[in-house]
Amino acid sequence: GCLRVALEGSWRRWRAGRRGTWRKFAFKSVGLLVAVWMLRALLGFASFPIARRRSTLQMAASPRSIAKVVLAREQAEGDGARVRRSVGSPALSDIDPFLLLDEFKVKPPAGFPNHPHRGFETVTYMLHGKFKHKDNKGHEGTIGPGDLQWMTAGKGIVHSEMPATDQDNVGLQLWVNLPAKKKMIDARYQELLAEDVPVATASGVTVKVIAGESLGVSAKVRTESPIMYLDIALEKGVTFDQPVPSGWMGFAYVLSGEAEFGDSNDRGTHGSCVVLGEGGDVLRARASDDGVRFVLIAGQPLKEPVAKYGPFVMNTREELMQAFADYQANRL
């Protein structure tokens, strides 16, 4: 009986002690949460959007340096067409894995009649007007403003690209190199209408996510190597940080307006190709009083040998010669 009384007393004291400990823990936890909330409110951490005012996270971000700014130069291309070329020009040969960027402005009868491709991808993004496409695989179609055609040439294709209205038809064409192991895959297309391209928004910012991710919104396009392709519009005076993975190479190409890029205030206007330098983890852009619209294109370098001539991009001279032989023998 005595043992039982002693045990019950010990049990009551133990339970009372545990209740006291949990009460102290609960009070301390609530106090800590209140302190954290007050600190966040004072710093504006939770309330300021990413674009209009930099949050604490943005202030911690390190902007990529700007290696150089190259102005696109107009040149002849295709049959009577004119393009403004930045990447792929004498001033900027390539930015691995990107081989070429043209801003085209074409009206009939000029255009790009039948021509071959092997070993890379062409990405056509329409800004104004329409372009029609037809190839030797039985595919044809027309894309208009905001529409996208991502064509993987792979082991080979022959196609034409011609203006579909009598007015100026304006767009961008990007060439993306394929990894060696994918250069001979079957040709394929990914086509999106403007309304199907995902859009991300923040205060003063609109991002059309063609490839990659921005502001938590992911693209619908599947790429053969890690790539981002974003159409970014900033309102007057807005500063925006877009994360770019460490080690990726890339550039911003200004479509309209004006902005300062990086931490050294490198200025870009229409036709400027702003090449990212090393270090940092975001591209920082600050819009002028007129706002700005630009595309940001970046990707993981392939770091592979490149043998290219005209419409063929391979890894060795022998592969390049074989591409010409296959084209002449109608094997593409």
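What counts as what
Residues numbered from 1 in each chain as written. Predicted model: local features only at pLDDT ≥ 70, side-chain atom pairs only at ≥ 80, totals over all residues. Heavy atoms only, no water. Pairing = 2+ DSSP bridges. Helix = DSSP H or I, 4+ residues; strand = E, 2+ residues; numbered from the N terminus. Axes fitted to C-alpha atoms, helices over the stretch in contact; angles between N-to-C directions. Buried < 20%, exposed > 50% of the residue type's maximum accessible area, 1.4 Å probe, protein only. Contact = heavy atoms within 4.5 Å. Phe/Tyr/Trp six-rings, centres within 6.5 Å; stacked < 30°, edge-to-face > 60°. pLDDT = per-residue confidence, 0-100.

### Focus: the sheet that holds strand E7 (residues 131-135)
Spatially, E5-E10-E7-E8 is the arrangement adopted by the four strands of the open sheet, whose pairing is antiparallel. Two strands close off the open sheet at either side, each with one partner strand: strand E5 (112-117) and strand E8 (140-143). Neighbour-to-neighbour, the strand axes of this sheet turn through a mean angle of 20 degrees, independent of strand direction. In the sheet, E5 pairs with strand E10 (residues 157-163) via four bridges, with the strands oriented antiparallel. Note that in E10 the partner of Pro116 across the bridge is Val158.

### Remarks on the sheet that holds strand E6 (residues 120-128)
By definition, the strands of a sheet pair up through backbone hydrogen bonds, in either a parallel or an antiparallel sense. Overall, antiparallel pairing links the seven strands, which are arranged E2-E3-E4-E11-E6-E9-E12 in an open sheet. Looking along the sheet, the strands with just one partner apiece sit at the ends: strand E2 (73-77) and strand E12 (188-192). Strand-to-strand twist of the sheet, defined as the mean angle between neighbouring strand axes without regard to direction, takes the value 25 degrees. Here E6 pairs with strand E9 (residues 148-152) via five bridges, running antiparallel. Residue pairing for E9: Thr122 is matched across the bridge by Met151.

### A word on the side chain of Ser288
By the element assignment, Ser288 lies in strand E22 (residues 282-299). For Ser288, a relative accessible area of 14% puts it in the buried group. Ignoring sequence-local partners within four residues, the contact set of Ser288 consists of Lys236, Gly237, Glu258 and Ala259.

### Here's the deal with the packing of aromatic side chains
When we look at a pair of aromatic rings, we describe it by the centre distance and by the angle of the planes. Considering all chains together, one arrives at nine aromatic pairs under this definition. Between Phe104 and Phe131 the ring centres are 5.0 Å apart and the planes differ by 55 degrees, which places this aromatic pair in the tilted class. Of this pair, Phe104 sits in strand E4 (residues 98-106) while Phe131 is found in strand E7, placing the two residues 27 residues apart along the sequence. Considered together, Phe104 and Phe131 belong to a single accessibility category, that of buried residues. Ring plane angle 35 degrees and centroid distance 6.2 Å describe the contact between Phe112 and Phe131, whose orientation is recorded as tilted. With a gap of 19 residues between them, Phe112 in strand E5 and Phe131 in strand E7 connect regions that are remote in the sequence. Exposure class is identical for Phe112 and Phe131. Each is buried.

### What to know about unusual backbone geometry
In this structure, the amide linkage connecting Asp96 to the following residue, Pro97, adopts the cis form with an omega of 10 degrees. On the secondary structure map, Pro97 appears in the loop between strand E3 (81-85) and E4. Going from Pro108 to Pro109, the amide bond is cis rather than trans, its omega being 10 degrees. The residue Pro109 is located in the loop between E4 and E5 in this model. Of note in the backbone geometry, Asn330 takes a positive phi value of approximately 60 degrees without being a glycine. Along the chain, Asn330 turns up in the segment after helix H3 (317-328).

### Observations regarding the environment of Glu319
Position of Glu319 relative to the elements: it lies in helix H3. Take Glu319: its relative accessible area is 31%, and that puts it in the partly exposed class. Residues Glu319 and Ala307, twelve residues apart in the sequence, show an inter-C-alpha distance of 8.2 Å.

### Topic: the confidence of the model for the chain
When pLDDT is averaged across the chain, the result is 87; 82% of the residues are at 70 or more. Considering only residues more than four positions removed or in separate chains, one finds that residues 2-7, a stretch of pLDDT under 50, has zero contacts. For residues 39-59, every residue scores under 50 in pLDDT, and the model assigns this stretch 32 contacts once sequence neighbours within four places are set aside.

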